[in-house]
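Below are the chains, spelled out letter by letter.
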Amino acid sequence: MTAFLASQRFAILFASHNRQLCRAYSGLQKCESLLFTSPPSLLFQHQIQTGVPNITNVATASANDKPGNDAMIRRDLASLYEDIRESLGKSQATLTPIAQYYFDGEGKAIRPMITMCLAKAINCHLNQISSEMIEKQKKVAQVVEMIHTASLVHDDVIDLAESRRNKSSANVVWGQKRSIVAGDFVVGRAIEICAAMQSDSVFELITKMVADLVNGELMQLDGSATENERFAHYLEKTFKKTASLIAYSCQSVSVLAGADSSLQNIAFQFGRQLGMAFQLVDDVLDFVATSAQLGKPAAADLRLGLATAPVLFAAHKFPELNPLIQRRFNQPGDVETAFYLVHRSDGLQRTKELASQYCDDAVTKLAHLSPSSYQQILYTLTHELLNRMK
C-alpha cells in the first residue's frame, strides 16, 4: 500500500512539474484525459480549471471513438440533464423554466461523474452486471445533481448573488420567492425519484444528505464559533454542505450493487475524502483564480463574510485577522486586508497540503477495489482535482 500511494503521489508531482508545458491544451483534451484510458503523457496535460470539464463535450465526442468502459460512462451521463429537465417539466408552466434553469448542460457534473465511475468500479469488483441495478445507480447520479443544484438556487437567494455559471442567477431573473419555490420543487422531485427506487437504505441515505446539506448551510450562517473552535467548525460545515453529497451518493450506489457494510464504508469514505478535497481546492481558487475561470466573482467567500481554510490558516501567522473573521469582514477594507494577508501567509500552501492529504486518503480507499478502468478514471480524476490549484 505504501508503494502504491508513493506511485500516486509521484504522478501528482510529475503533473505539477510539467504544468507550464501543458497550458496550451484545451478543455476538451483535458476532458479526454479524465474519461478515456489515455497514454500516460496525456494524463498530465493540465491548466487551471474550476472543475472537471462538463459532460456536454464528452457526450458529443466523436462517433469514431472505440467502445469501452469510458464510452459506457459517457453513455450513462449523456442524457443526465435531459432526464432531469424531463422530470422537472411536469409542473406549472411558470415554475418549469425556473426549475430547469441551471440544468442547461453547462454544469461541471462532477458529482454524477464520480458517482457513476465509482458505481461501475464497485460493479466490477462485485461482478454485478444487472441492467436494472445500473439504471437505479444512474438515478442516484441524477438525484445528487438535482439536490446539489437546488442548493445553488437557495444559496444564490441567501447570498443575493447576481450570477451563476457566467449568466444571471435565477433570483435575478425571476426574483427570490419564485427561486426559493423552484429550489424546493427540485428537491421534492429528487426525493420522489429516490422513493421510486424502492430501496429503504438508499432513501435513508439521500434524506441524510438533504438533512446534512441544510445543517451545513445553517452552520455557515452561524458565526458563534470561538477562535479555538473555528477550524473544527469549518471542517464539519464543509462535510455537511459539500462532501456529504458525494459521500452519500457513493454509498448509495454501493448499496444498490449489494455491497456489504465494509465495502459501503469504503465507498462512503472515498466520497467523503474526495468531497473534502474538492471544497479545499475551491477555497484556494477563490484566492488565485480569475472571475472568468470561477464563473463567479473572485474572493466571493470573503465578500460573503466566510472564513475558509486559507484565512483560518493565515490567522495563525497574522492574529489581526481574528477580529475581521469575528465581524465577518463587514467593515470597509476588511476584504482587501484579509485577501492581502492570506497571500502573505502560508495559508494557501497549507490548504493545498490538506487537500493533498484528503486526496491521498481517497486513493487509499479506492485501492481496496479490484483493478478496473473505472478505478483508473477515479485515480486520474483525483490527480486532476489537485492540479486545479497549480
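In this report, the structure presented in the accompanying data block is examined. (Residues numbered from 1 in each chain as written. Predicted model: local features only at pLDDT ≥ 70, side-chain atom pairs only at ≥ 80, totals over all residues. Heavy atoms only, no water.)

### Some thoughts on a nonpolar patch on the surface
- Among the surface-exposed residues, I158, V214, L218 and L221 lie close enough to one another that they form a single nonpolar patch of about 360 Å² accessible area.
- A total of 3 residues in the nonpolar patch trace back to one element, the largest contributor, which is helix 11 (residues 200–221). (Patch = residues over 30% accessible without salt bridge, like charges linked within 9 Å, V, L, I, M, F, W, Y side chains within 5 Å. Areas by Shrake-Rupley, 256 points an atom, 1.4 Å probe, with all protein chains shown as cover. Salt bridge = Lys/Arg side-chain N within 4 Å of Asp/Glu carboxyl O. Helix = DSSP H or I, 4+ residues; strand = E, 2+ residues; numbered from the N terminus.)

### Regarding the pattern of salt bridges
- Under the defined criterion, the tally for this structure stands at 11 salt bridges.
- Where E135 meets K138, a salt bridge forms, and the shortest distance between an N and an O atom there is 3.3 Å. Residue E135 and its partner K138 are located together in helix 8 (residues 131–159), separated by 3 residues, close to a single helical turn.
- Since its relative accessible area comes to 19%, K138 is described here as buried.
- Where E204 meets K208, a salt bridge forms, and the shortest distance between an N and an O atom there is 3.9 Å. Remark: K208 and E204 occur in helix 11; sequence separation between them is 4 residues, near one turn of the helix.
- You can call K208 partly exposed: its relative accessible area is 39%.
- Linked through salt bridges whose partners overlap, the residues forming this network are D155, E217 and K241. (Buried < 20%, exposed > 50% of the residue type's maximum accessible area, 1.4 Å probe, protein only.)

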